[in-house]
Amino acid sequence: MTPSAGPTSADSLSAPSAQSSGRVTMSHMRDANRRMLFDFLRTFDGSKAIVWDGDLTKQFTLIAGFSELKEHGVARMFPLKAGQAAPQCDVEHVLYMTRTSTDRVRAIIDNVRGVRQDDRRRHHAVFVPDSSTLCRHKLKEAGVHERLESVKELAIRFYSTDADVATLLAPRSLPTLLTRADWSPLHEVALALDQLETVFGQATRVHYMGDWAKKTVELLGKKREQDAIARGHEQTTANQIPLIDDIIVIDRWIDPLTPLITQLTYEGLIDELFGIRYGTALFPKDRFFQKNQEKTSSSAAAAADNKTKKVALTSSDDLFTELRNLNFNAVGLTLSKHIKYLSEQTEERHKAITVRECKEFVKRLPELEVARDAAGLHTTIAELIKESTTSKSFLDTIQCEQEILNCLETERPMPYIEEAIAKGEPFIKVLRLICMHSLVSDGLKAKVLDQYRRELLQSYGHEYADTLVQVQRAGLIRERGEAGSRGIPLTYLSISRAGQTAAFPALNKAFRLLVSDVNEKSPNDASYVYSGYAPLTVRLCQYWLNPGWRSPAVADPMKRVPGATGVVQRATDIGPGRSVADGIKRSVLVFFIGGVTYAEISALRFLSSKDENYEFLIASTHILNGDSMLTSLNDE
């Protein structure tokens, strides 16, 4: 067995030209990933079969399709499953591609153990993005390392999910940081940022907000120093003209409140109600008109597949791009205008008199048909969302959230929360509201906390007791005035630390988080994404743009933000990479450690649209909402 790494050098990750006159987009990252993947596959001469970790298969669809893999020698693909032998196929190489996980290693062991003695194929374990000492030890301990030709690494870290968004697709990072008090994910983030700068060039400045962010920037600096020593006088990204001028690293846990609040943008509500994964969402198929209805299959599997419709939700859909960042109250009007425009364009056929005019109209028919299909698709999705948002349960939940944010009940349990518990509403829904109540109230009074806990366990069962412990360890629920809660220490004290209050009323006053006169249909403030609430993370980015974090004008508000704040100025001889002349904005990468919501992404896009000099690119460990955040803590 030969341990080795894949081709992840600067050649595969070479930066694009900084002289490009267009927008800087995350497509540069996707292109770099494709080069890295294809270069990696070329290191295996001959035909290849890939045995995929299931989740990794979905992630790699963001990089390349099977037809492109076939062009690089991939003849077959199979799912990686425990308890089965390596699949039989006529190829020269079998690649077991998986994330770094002991569970996946056990599946590789089962597959390799099942290989026949006369099998001439060469077998390789490929870990994405890195292997670990434990994983290698497990392979050796199981005695399969002799059957493996090599153990390799394919250091693909970022996945571009849209033109301005990329994530590590690492939802386990948050519970690892919080409930296990294990900061190893910060090392992964630092490696990812280092890789991103290999593609885009080294940013002039790196700003950080929060303790996780500070530690990550320190790790990034150490990585840069080690690489500089290793390379000596070779060319580095410090000598490349950067496409990204500044990086802002933000710690999710300086603002744990925002993900708990119901998102009210079009894309945010799709995620809240249906879930978005890898840029797609599943909807009830019977609600959509099918132009080419497939023949009914008698198999149960086919019947199950026919229950849902997978819809791609990316900027390749022009109408979705127009709708995604709107408050849902503005979606109906926008759809109506779009449908009216299509109707007017279709009627143009009656005005076509000459042969030339008829020919021009026929040329436009495919474009009009695509636009009409998109209008029908999003009208149906909007109808599905509206069915939920007009329900009494949804409206009552939004009303309760507004009452919590306005601090109407800080000394006793919220009546709606107690009512929801009594009705047996979903546990996660109730837990979100209790966490909100605790965070906004700067902790719950002892008797209120006891009452919530007692009612939860009585209604939902004592099997949820551990969930409450994990949520308390994360600091989302705690007793007022205590660093921990009933002997349960907080793993990260950014929410409330000695001499530095993070009480919501103080933050609201300092940053104007609650806005009473928000215009949802024609917004003039980023708070429209939550119909009157501006995420603290977004306000911080807004203050960074103007007047700047170090400005005396925001000195007092900045003191209210929990956690460390600072900036690292990089040494460079080349100056800023791109000028704001000729309408070219400078690019700023905002990286969220611990997750970002779609509503926050929409708010940052809003800030970019209003600023003349800068535009934001967004990156994160993952994209989350209140349900997924709390569920991940529970799973831990």
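Coordinates for the structure precede this section.
None of the values given here were measured: they were computed from a predicted structure.

Engineer: I'm lost on the overall build of the protein chain in this one. Help?
Structural biologist: Counting secondary structure elements, the protein chain contains 23 helices and 16 strands. Sorting the 636 residues of the protein chain into buried and exposed places 54% on the buried side. Summarising the internal contacts of the protein chain: among those between residues at least 6 apart in sequence, 80% fall at separations of at least 24. When the accessible area of the protein chain is evaluated, it comes to approximately 28,500 Å², of which 50% is carbon and sulfur surface.

Engineer: When you look at the pairing of strand S7 (residues 159-162) in this model, what are you seeing that I'm missing?
Structural biologist: Consecutive side chains of a regular strand alternate in pointing toward one face of the sheet and then the other. Pairing of S7 with strand S8 (residues 165-167) involves three bridges; the strand directions are antiparallel. Across the sheet, aspartate 162 pairs through a bridge with valine 165, a residue of S8. In this antiparallel pair of consecutive strands, S7 and S8, the connection spans two residues.

Engineer: What exactly am I supposed to notice about unusual backbone geometry here?
Structural biologist: Only a minority of non-glycine residues have a phi that is not negative, and only a minority of peptide bonds are not trans. The step from valine 128 to proline 129 runs through a cis peptide bond, and the omega angle for that step is -5°. Positionally, proline 129 belongs in the loop between strand S5 (122-128) and helix H5 (133-141). Note that the residue after asparagine 546, namely proline 547, is joined by a cis bond; omega there is 10°. Tracing the backbone through its elements, the reader meets proline 547 in the loop between helix H20 (536-545) and helix H21 (555-560). Although it is not a glycine, arginine 512 adopts a positive phi angle of roughly 50°. Mapped onto the secondary structure, arginine 512 falls in the loop between helix H19 (504-511) and H20. A residue is classified by how much of its surface remains accessible, and arginine 512, at 43% relative accessible area, is partly exposed. With a phi angle near 55°, serine 531 is a residue other than glycine that sits in the positive phi range. With respect to the secondary-structure elements, serine 531 resides in the loop between H19 and H20.

Basis of the calculations
- Residues numbered from 1 in each chain as written.
- Predicted model: local features only at pLDDT ≥ 70, side-chain atom pairs only at ≥ 80, totals over all residues.
- Heavy atoms only, no water.
- Helix = DSSP H or I, 4+ residues; strand = E, 2+ residues; numbered from the N terminus.
- Buried < 20%, exposed > 50% of the residue type's maximum accessible area, 1.4 Å probe, protein only.
- Contact = heavy atoms within 4.5 Å.
- Areas by Shrake-Rupley, 256 points an atom, 1.4 Å probe, with all protein chains shown as cover.
- Pairing = 2+ DSSP bridges.

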